[in-house]
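This is what each chain is made of:
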Amino acid sequence: MIMKNVRTARRSMAFLGGLGLSLLVIHACGGNPDDPKEIAEDQNEEKFDDRKSEKDAAFLVEAAEINLEEIKLGELAQQKGMTAETKALGKMMVTEHTAALKDLKTLAANKSITIPAVLTEDGQDAWDDLNEEKGTDFDKEYANMMVKGHKSAIRKFENASSNAEDADIRNWASSMLPALRTHLEHAEASKEKL
């Protein structure tokens, strides 16, 4: 009886030790199983067994993340912006990125690719940082974020328009570039006025 209890205790300790190690690895790798981006990426990895399809899926996940962030930041700019320029830029971002997200959802569904439906952790961090700003500092920071964000988005979309494996994804990425470049021009003009 005592030996059985000792074995049971050892098994329990081994299980708890393994569980603790697993949690430590997840934490150390920075993984958050609740982040919508990571959930989408994990689901796509399970669906696609070739690297090219995973790469296309990863681009659509990033595109969704970009659109969701631009929408939320644009809403905030309309609420807290001090200048008509900032409010107009925010309105343009909400309107156009909402339309882009709608098209993206259709494309992703047609390709059986999972994309985030809500703001990701990085997007929430950007929103939190911007929300801390007040007055003209808010307007300046919003314009800076729009310039930086759209430069990065343009690079990603240019890459996908040339290198995506799926022709529909390449074409969609290419079709989005003129709007992204226009957004960048407006953001740069807004930044210069501030």
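Residues numbered from 1 in each chain as written. Predicted model: local features only at pLDDT ≥ 70, side-chain atom pairs only at ≥ 80, totals over all residues. Heavy atoms only, no water.

### Overview of the overall build of the protein
For the protein, the helix and strand inventory stands at 7 helices and 0 strands. Traced from its N-terminal end to its C-terminal end, the protein shows the element sequence α-α-α-α-α-α-α. A burial count over the protein gives 36% of its 194 residues as buried. Of all intrachain contacts in the protein linking residues separated by at least 6 positions in sequence, the fraction that spans at least 24 positions is 76%. (Helix = DSSP H or I, 4+ residues; strand = E, 2+ residues; numbered from the N terminus. Buried < 20%, exposed > 50% of the residue type's maximum accessible area, 1.4 Å probe, protein only. Contact = heavy atoms within 4.5 Å.)

### A look at the packing of aromatic side chains
The tally for this structure, following the rule as stated, stands at 4 aromatic pairs. Summarising the aromatic geometry, the rings of F59 and F157 are spaced 5.0 Å apart at their centres and angled 75 degrees between planes, so their arrangement reads as edge-to-face. With F59 in helix 3 (residues 51–80) and F157 in helix 6 (residues 135–163), this pair connects stretches of sequence that are 98 residues apart. Each member of the pair, F59 as well as F157, is classed as buried. Centroid distance F138 to Y142: 6.5 Å. Interplanar angle 5 degrees. Geometry classified as stacked. (Phe/Tyr/Trp six-rings, centres within 6.5 Å; stacked < 30°, edge-to-face > 60°.)

### What to know about the nonpolar core
Formed by 43 residues in total, the largest nonpolar core has its most connected members in F59, L60, Y142, F157 and W172. Of all the elements in the fold, those that place two or more residues in this core are helix 3, helix 4 (84–110), helix 5 (121–131), helix 6 and helix 7 (167–193). No other element matches the 11 residues that helix 3 contributes to this core. Beyond its immediate chain neighbours, meaning those up to four positions away, F157 contacts F59, A63, I66, W172, A173, M176, L177 and L180. (Core = buried A, V, L, I, M, F, W, Y, C linked by side-chain atoms within 4.5 Å.)

### Topic: the environment of K151
Within the secondary structure layout, K151 lies in helix 6. As for K151 and L184, which are separated by 33 residues in sequence, their C-alpha atoms are 7.0 Å apart. When near neighbours in sequence (up to four residues on either side) are disregarded, K151 contacts L184 and E188.

### A look at the pattern of salt bridges
Tallying each qualifying case throughout the model produces 7 salt bridges. A salt bridge links E85 to K193; its shortest N-O distance comes to 3.2 Å. Separated by 108 residues along the polypeptide, E85 in helix 4 and K193 in helix 7 bring together distant segments of the chain. For E85, a relative accessible area of 28% translates into the label partly exposed. Members of the salt-bridge network, linked through shared partners, are K111, D166 and D168. (Salt bridge = Lys/Arg side-chain N within 4 Å of Asp/Glu carboxyl O.)

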